[in-house]
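Single-letter residue listing:
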Amino acid sequence: MDYEVAVIGSGSAGKEAALLAARQGRRVVVIEKETLGGTCFHRGCFAIRTLRACANAFQSRLFASRYGIDLDQTHIRTTGWAEVRRRVSTALAEQLRQQFQRANVSVRFGKATFLDDQNLRLFDAYGYWTDLTAEHVVIATGSRPRFFAPAKTNLLNSDQLLEITEIPGHLLIIGGGYIGCEFASIFRALGSVVTLVEKESRILPAWDADASAHLLESLREAGVNVVLGEEANVERIPRSPGETLQMEVGGLTINPDLLLIATGRLPNVEKLGLEALGIKTEPFIEVDQNMRTNRASIYAIGDINGLSMLDSTALAQAETAINAIGGKETYFDPGWTPRCVYTNPQIAAVGWMEQEAIQAGLDITVGSETTELLADEELKVLDPYPTKIKVVLDALTKKLLGCLAIGDQAVEVVNLCSMLFGSNAPSDELNRCRFVHPSPAEALQRCMNNVAAGAQSQ
């Protein structure tokens, strides 16, 4: 065999799988058809967070008077952010190349297709091919927007929206999942009029109801027009280049400058040769709890299996797959993997959410706390944003079962809870610790103590 592990794709799931396998001393190759880093670096998490950083910088200058700074400036140029995004993506790809080099991970560029369970054929950009063999193959080719946007029109998918260089006057977004909500938050901060349409009764329908309600309120306070319970007929939208966009939504006629269709994603499974191996790919690749397909030597991780579309869960799946390859049976459970939506405010969660726990018949105690001085960032002392922490405790043992955090430091709160889960430490372990004041950890500690004390007094 040429390699012990071949990883197809170098996005969040693929790079993590390759580096984990290399740390175990295995001979590893990464096969990438485009640029190192995949969707994560170039069209996903880091690209969107770069745009968010540009929007935050814009807002800071726009409201500089809050901080006692007088900027005699009535116009801020915003067209350079696309170049900033490309610069960040390029730097991240170079860092990953160096990581692979230090870890002795081979990198091959080209499109891979299976000849059988352990034989792959690679086609380069010129159509030439070479073959390689691997004992185990991990498919991590990611996903793409479900909507195919016609060229030279004002209908865009999320990939294309990241390529624009002019901020639209009015952006209409179809889809209130995490992608639609993130872009709505960002472009409103950049000054666009934003309309967000979601066919369900709430945005972020897969998240805790409190998260949906809080984000809805925040988006509306920022000036985003959110329309719920309305299904837009995308098929009737004019698609000819230069034709004026017009849509009927909730009894209103909307003429946006740009229309983002953010109604889901499709797995990148074409031309991998999986059908010939009997591996199901509709709607996503089927895997077991170890991320193994129905072929013992082939695994599928990340967006490709449809279990979760977030980077944090992709990393967890990579660990599960590489452990299984090494003979260590671990299981992927998305509920115990921290997850985040980079809207404004930031939303993060881990473990059981309230409604999930109730539906599962668990005996729980739920409580929340909202504080305005959670973050230790200096700007937030001047301009604090209310941050909500909601915890789910076992009613009898007071053990932490889940946490939802909404606000500037939501990720840090949830990461701390994830550490408690990982170490299997009791909830009162936090009381033995001392934290910087003010800080996310201190607020979490206070919230859990208040919930536990309230439950005892009942």
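Above this text you will find the structure in question.
Residues numbered from 1 in each chain as written. Predicted model: local features only at pLDDT ≥ 70, side-chain atom pairs only at ≥ 80, totals over all residues. Heavy atoms only, no water.

Our focus in this paragraph is the packing of aromatic side chains. Per the counting criterion, the structure on display carries three aromatic pairs. Ring geometry for Phe-41 versus Phe-46: centroids 5.5 Å apart, planes at 80°, classification edge-to-face. Judged by its relative accessible area of 6%, Phe-41 is buried. One cation-aromatic arrangement involves Arg-121 over Trp-129; the distance from NZ or CZ to the ring centre is 3.7 Å. A cation over an aromatic ring shows up here: Arg-339 above the ring of Trp-207, its NZ or CZ 5.8 Å from the ring centre. (Phe/Tyr/Trp six-rings, centres within 6.5 Å; stacked < 30°, edge-to-face > 60°. Buried < 20%, exposed > 50% of the residue type's maximum accessible area, 1.4 Å probe, protein only. Lys NZ or Arg CZ within 6 Å of the ring centre and 35° of its normal.)

On to the pairing of strand β20 (residues 387-394). A large share of β20 lies buried, amounting to seven of its eight residues. Two elements, strand β19 (residues 364-371) and β20, share eight bridges in a ladder whose sense is antiparallel. What sits directly across from Thr-365, in β20, is Leu-393. Bridge count for β20 against strand β21 (residues 400-406) is six bridges, and the pairing is antiparallel. Across the sheet, residue Leu-393 finds its bridge partner in β21, namely Leu-400. (Helix = DSSP H or I, 4+ residues; strand = E, 2+ residues; numbered from the N terminus. Pairing = 2+ DSSP bridges.)

So, about helix α6 (residues 178-189). With twelve residues, α6 should cover 16 Å at 1.5 Å per step; its first-to-last C-alpha distance of 17 Å lies within 8% of that length. Burial of α6 is extensive: ten of the twelve residues sit out of reach of the surface. Along α6, the residues classified as buried are Ile-179, Gly-180, Cys-181, Glu-182, Phe-183, Ala-184, Ser-185, Ile-186, Phe-187 and Ala-189. Positioned one or two residues after α6, Gly-191 has a phi angle of 105°, which is positive. (Expected span 1.5 Å × (residues − 1).)

This part is about the state of the cysteines. Under the defined criterion, the tally for this structure stands at zero disulfides. Here Cys-340 stays unpaired: no disulfide links it, and the sulfur of Cys-45, its closest cysteine neighbor, is 8.4 Å away. For Cys-340, a relative accessible area of 12% corresponds to the buried category. (Disulfide = S-S within 2.5 Å.)

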